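Below, each chain spelled out in residue letters.
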Amino acid sequence: MFREYYSISDVEGSRLIFMQDDQSGKMGVLKNVTPEMIPIFKEINRKSSCLPEIYEFGTDYIITEYIDGCALDDEVAMGSFAKEEIPKLISDLCQALKVFHSVHLCHMDVTPKNIVKSKHYYVLIDFNTALPFGVKPEKGNYGNALFCSPEHFEFDTVDAATDVYSVGKVLEYLLQSVSDDTCFRELIQKATAVSKKDRIKDVDSFYRMFQEICRRHTDCLPDGDAAKSGIDCCSTADLLASMNTYADLLEFFSEHKADFIYVGIARYFDRIIEQKHLKKSDIIRKSGIERTYGYQLLNGTKKPSRDKMIQLCMGAELSFDETQIALKQTGFMELYPRVKRDCILIYAIKSHKTVMETDELLLQFKEPELNRL
């Protein structure tokens, strides 16, 4: 049972009530919410490590997990936030918001004071100002006006784009504090457009654009794991843990269908072709794959082997990191440097060798060629 532990008033004069569970000793924070929000919060509870767990539901309140960490605004003020952390932060923030938006709920207060760095994740806290999509906010306090969209001030109804605006402002805030990079300027402008119709519509789209900029401009931000992985509703660890809570595997797959990352070959290369302004004919020619068979692979009428997939990646001149993503997202095992043949392929890709040059290298080390019959 949770009991009041102590309370303080924050800088804005609001009373913050900390709770503690008698048995477990867990610390929580009491938040007043409207009764109609309780079922929605129950639906999203424990869906992501980037959101605090809700320990207790009342009729008009919730007790959320106390995240013991440093708020983003404090990190920036102390000068302890590093540029290298931006991909991880943006990834975690988008994961948290994707869970909110999956139940048509807008967080409404995405600001640096509500992003807390825990041991493994950046966690988005404070649910008590959340609003359902389609609602026009009444005048009220939604946090720092610098991060609030025009909808916060009664200009329009709220939806996913409302939180996207705030994410864009958070990214702008971080870049101003740690870097003078300008490669994200267009992304920020699209995310923070005054009119919703001109704005990026959802966090998935925002994150894909963010990833692509990181890949194109490796000097902007390090091409770390957070910037390379897709947005998951839950982490891999969470996905494994949640399997134990389902008696039926079909139910597990139904509930977590958004968490599996397989993307069809044709769909994946359609996206690569669009992003990099490539031609299928050029990819096939550079891959060394027979022309008709190459088109069948790229059109999805034939499924490639892992080697053929690697050849297509080399034909598209993907980087090593991009090749790893392509293999993972299309259902193949990533290249593993402890396997001799994979190690040679990694070297070849990192050295920008052609498929023919790669085959010569494989032959030199008595390993099977990529383009063998």
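Described in the following lines is the structure provided in the data block. (Residues numbered from 1 in each chain as written. Predicted model: local features only at pLDDT ≥ 70, side-chain atom pairs only at ≥ 80, totals over all residues. Heavy atoms only, no water.)

**Overview of the nonpolar core**
Phe-41, Leu-89, Leu-171, Phe-184 and Phe-206 are the most contacted members of the largest nonpolar core, which has 49 residues in total. Among the elements of the structure, α1 (38-44), α2 (72-78), α3 (86-102), β9 (122-124), α4 (160-178), α5 (185-191) and α6 (203-216) are those that each provide at least two residues to this core. It is α3 that provides the largest number of residues to this core, a total of nine residues. Excluding anything up to four places from it in sequence, Phe-41 contacts Val-33, Ile-54, Phe-57, Ile-62, Leu-105, Phe-127 and Ala-130. In this structure, Ile-273, Ile-289, Leu-312 and Phe-320 belong to the second largest nonpolar core, which totals 32 residues. (Core = buried A, V, L, I, M, F, W, Y, C linked by side-chain atoms within 4.5 Å. Buried < 20%, exposed > 50% of the residue type's maximum accessible area, 1.4 Å probe, protein only. Helix = DSSP H or I, 4+ residues; strand = E, 2+ residues; numbered from the N terminus. Contact = heavy atoms within 4.5 Å.)

**Brief notes about helix α10 (residues 265-276)**
Every α-helix carries 3.6 residues per turn, so stepping three or four residues along brings you back to the same face. Its 12 residues place the ends of α10 16 Å apart at the C-alpha level, agreeing with the 16 Å of an ideal helix rising 1.5 Å per residue. Burial in α10 covers these residues: Ile-265, Ala-266, Tyr-268, Phe-269, Ile-272 and Ile-273. An end-on view of α10 places all buried positions within 160° of arc, on one side of the element. Turned more than 90 degrees from where α10 packs its buried face, Arg-267 and Glu-274 sit exposed. Where the residues of α10 are buried, they touch α11 (280-287), α12 (291-299), α13 (306-315) and α14 (320-329). Positive backbone phi, approximately 55°, marks His-277, located one or two places after α10. (Expected span 1.5 Å × (residues − 1). Arc of directions from axis to C-beta.)

**A short note on α14**
Of all 10 residues in α14, eight are buried; the element is thus mostly enclosed. In the stretch just after α14, Gly-331 is the one whose phi turns positive, near 90°.

**Some words on the sheet that holds β9**
What holds strands together in a sheet is hydrogen bonding between their backbones, with the strands either parallel or antiparallel. Read across the sheet, three strands follow the order β6-β8-β9 without closing on themselves; strand pairing throughout is antiparallel. Two strands in the sheet have a free side with no partner beyond their single neighbour: β6 (70-71) and β9. As judged from the three bridges shared by strand β8 (residues 115-117) and β9, these two strands associate in the antiparallel manner. Opposite Lys-117, over in β9, you have Tyr-122 as the bridge partner. The sheet contacts of α3 involve β8 and β9, and relative to β9 the element is tilted by about 35°. (Pairing = 2+ DSSP bridges. Axes fitted to C-alpha atoms, helices over the stretch in contact; angles between N-to-C directions.)

**Looking at the packing of aromatic side chains**
Counting across every chain of the model gives nine aromatic pairs. Arranged with centres 5.4 Å apart and planes meeting at 25°, the rings of Phe-184 and Phe-210 form a pair that is stacked. Of the two residues, Phe-184 sits in the loop between α4 and α5 while Phe-210 sits in helix α6, which places them 26 residues apart along the sequence. For the pair formed by Phe-184 and Phe-210, the shared burial category is buried. (Phe/Tyr/Trp six-rings, centres within 6.5 Å; stacked < 30°, edge-to-face > 60°.)

**Points about the pairing of strand β4 (residues 54-57)**
Of the strand pairs in this sheet, β4 and strand β5 (residues 61-65) are connected by three bridges, and their pairing is antiparallel. Opposite Glu-56, over in β5, you have Ile-63 as the bridge partner.

**Considerations on the pattern of salt bridges**
If the charged atoms of two oppositely charged side chains come close together, the side chains can form a pair. Taken as a whole and judged by the stated rule, the model has 18 salt bridges. Of the charged contacts in the structure, one is a salt bridge between Asp-204 and Lys-98, with a shortest N-O distance of 3.9 Å. Taken together, the residues span a long stretch of sequence, with Asp-204 in helix α6 and Lys-98 in helix α3 at a distance of 106 residues. Classification of Asp-204 by relative accessible area gives partly exposed; the value is 27%. With its nearest N and O atoms 3.4 Å apart, the salt bridge here joins Glu-172 to Lys-169. Note that Glu-172 and Lys-169 are positioned in helix α4 at a spacing of three residues, about one turn of the helix. Through salt bridges with shared partners, a single ionic network connects Asp-156, Asp-159 and Lys-196. (Salt bridge = Lys/Arg side-chain N within 4 Å of Asp/Glu carboxyl O.)

The values reported here are purely geometric and, on their own, carry no functional implication.
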